[in-house]
Amino acid sequence: LCPRLCPPPGASKWDVREKVWDYLEASGLADFPRPVHRRIPNFKGSRQACCSIKELDVFDRAREIKVDPDKPLEGVRLAALQARKTLLVPTPRLRTGLFNRIVPPSGATKEILRICATSQGIKEYSVPVGLDGKARVDLVVVGSVAVSEKGWRIGKGEGYADMEYAMMVSMGAVQADTPVITIVHDCQVVDIAEELLDDHDLTVDYILTPTRTIKTNCKRPKPQGIIWHKVSYEMLEKIPILKSLRYREKQAGKEVALQDEHSDLTNANTPAVLNEKAKAENTRPQAAMGSAQIGQHYVESDSLSPRLEGSGMITTVYVGNIPPSVRVSELKCALREFRATPLRLNWQGAQHRAFLDYKDKATAESAVSSLKGLSLGGNTLRVELAKNQRNKG
């Protein structure tokens, strides 16, 4: 433990972060990118600390590894690629999904693998993994600002690592015994008061420094899923895949009321009410068309007027990759839930697609943004402006 950095009684998480960042900069231990403040700090000796992961059995046994995109973890990403393991990296700020899988080109040289492990390589050599990607993560590697020998961790304060882990639990991608490792400089190993920890905070099982490997034997349970009452609407808007996970859990009957959700919304959108709506809708179009036509074209017009239709103002959104098992009522239910109800829905179930008409381009683009990452029937839907709309306006 670094005695100079051990926080005094009553210190907050932010006090601990500031102490560590200030010390790394003042002592000359900080490394690019600088200043290290408000980051997961890179430090001199990070490569050495990363290399020691190869000596751990949990790394040796792991086939699929999730490593955060922080600079000090570059050496772990390289070690995973060199060992031919599946490497998953969270998408930046979770804007477009949860993971990207790094896919080096066939016959990649050592130099190419090195590039793949960098932030530039993550952009150039990765493919997104949707909610239906069936990820099974054997090992999780996260960055930290500070960590205690007991395995209690403090991140940079934005909560992304904790949220990523909770989302992986929700997806079934990690189990209770999936090991979590962090890489830090020796000076970042400090005493952390237990009262600073929240129930959503991720703990770690191994700490790797340039000089030590610490097995924490941490007994504090890791997050067991997303704690919805701590999630704000703002966070839901920033992280589209979170909406899909919430919708999925809501359909399964779980309590998903948000931190700032109003009681009237909670009452209107309880799973029981949604299920009743779905049942009522299930009987409507199919009953009218007869069972032989299920899955064929079905057009529903809500408030579309002929005058609007011919005006050129209507903008259409394409929804693809709809599984055969999904019915039009499920899509309509999701559209209401995501506040993306169109003027008209053109359902083409046999072609695994639907077209949604909105009153103008701004409304359509807002719907595309809201529905990004939506998963129905096990598939992440493809949602974009229809081809003939993309260059209008």
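Look up: the structure comes first, before these words.
What you are looking at is a predicted structure, and each value in this text was computed from that prediction instead of being measured.

*Asks:* Whenever I open this one, the pairing of strand β12 (residues 315-320) confuses me. Can you help?
*Replies:* In the case of a regular strand, side chains alternate between the two sheet surfaces. Summarising burial for β12: 6 of the 6 residues are buried, a large majority. Neither face of β12 is left uncovered, since the one carrying Thr315, Val317 and Val319 and the one carrying Thr316, Tyr318 and Gly320 both have all their residues buried. As defined by bridge partners, β12 adjoins strand β14 (residues 353-358) across 5 bridges and the pair is classed as antiparallel. Its bridge partner lying in β14, Val317 is registered against Leu356. Across 4 bridges, the pairing between β12 and strand β17 (residues 382-385) is antiparallel. Counterpart to Val317 in the pairing with β17 is Leu385.

*Asks:* Is there a simple way to explain unusual backbone geometry in this structure?
*Replies:* Among all residues save glycine, negative phi is the norm, and among peptide bonds the norm is trans. A cis amide bond links Phe32 to the next residue, Pro33, at an omega of 0°. Positionally, Pro33 belongs in the loop between α1 (13-26) and α2 (46-51). Residues Arg34 and Pro35 are joined by a peptide bond in cis, for which omega reads -5°. Relative to the elements of secondary structure, Pro35 occurs in the loop between α1 and α2. Its identity as a non-glycine residue notwithstanding, Arg38 has a phi of 65°, on the positive side. Within the secondary structure, Arg38 sits in the loop between α1 and α2. Here Arg84, not a glycine, exhibits a phi torsion of approximately 60°, which is positive. As for its placement among the helices and strands, Arg84 is situated in the loop between α4 (74-82) and β2 (86-90).

*Asks:* What am I meant to see in the pattern of salt bridges here?
*Replies:* Oppositely charged side chains can form a pair if their charged atoms are brought close together. One pass over the full model with this rule turns up 14 salt bridges. With its nearest N and O atoms 3.0 Å apart, the salt bridge here joins Asp205 to Lys222. With Asp205 in the loop between β8 (180-183) and β9 (206-208) and Lys222 in the loop between β10 (213-215) and α8 (233-238), the pair connects residues that are 17 residues apart, well separated along the chain. Judged by relative accessible area, which is 15%, Asp205 ranks as buried. Between Glu384 and Arg382 there is a salt bridge; the shortest N-O distance is 3.0 Å. What you see here is one network of salt bridges that share partners, running through Lys13, Asp198 and Asp201.

*Asks:* Just checking my understanding: could you explain the sheet that holds strand β1 (residues 64-67) for this structure?
*Replies:* The strands that make up a sheet are held in pairs by hydrogen bonds between backbone atoms, and each pair lies either parallel or antiparallel. Ordered by their spatial adjacency, 8 strands build an open sheet running β4-β3-β2-β1-β5-β8-β9-β10, and the pairing between neighbours is mixed. Among the strands making up the open sheet, the edge pair consists of β4 (126-129) and β10. Across the sheet, the mean angle separating the axes of adjacent strands is 25° when strand polarity is ignored. By the bridge criterion, 3 bridges tie strand β5 (residues 139-142) to β8 in an arrangement that is parallel. The residue of β8 that forms the bridge with Val140 is Val180. In the packing of α4 onto the sheet, the strands contacted are β1, β2, β3 (99-102), β5 and β8, and the crossing angle to β2 comes to about 150°.

Scoring rules and cut-offs
- Numbers given for residues are sequential positions, taken from 1 along each chain in its written order.
- Only residues with pLDDT of at least 70 are given local features in this predicted model, and only at 80 or more are side-chain atom pairs given and counted; all residues enter the totals for whole chains, interfaces and linings.
- Just so you know, side-chain values use all the structure's heavy atoms and leave hydrogens and water out.
- Each residue is placed in one exposure class: buried if its accessible area under a 1.4 Å probe, protein chains only, is under 20% of its type's maximum, exposed if it is over 50%, and partly exposed if it falls in between.
- Strands here are runs of E lasting at least two residues and helices are runs of H or I lasting at least four, both read from the DSSP assignment and numbered beginning at the N terminus.
- We call two strands paired when DSSP finds no fewer than two bridges between them.
- Here, a salt bridge means any Lys or Arg side-chain nitrogen found within 4 Å of an Asp or Glu carboxyl oxygen.
- Between N-to-C directions, angles span 0 to 180 degrees; the directions come from axes that are lines fitted to C-alpha atoms, helices contributing only their stretch in contact.
- We call two residues contacting when some pair of their heavy atoms lies within 4.5 Å.

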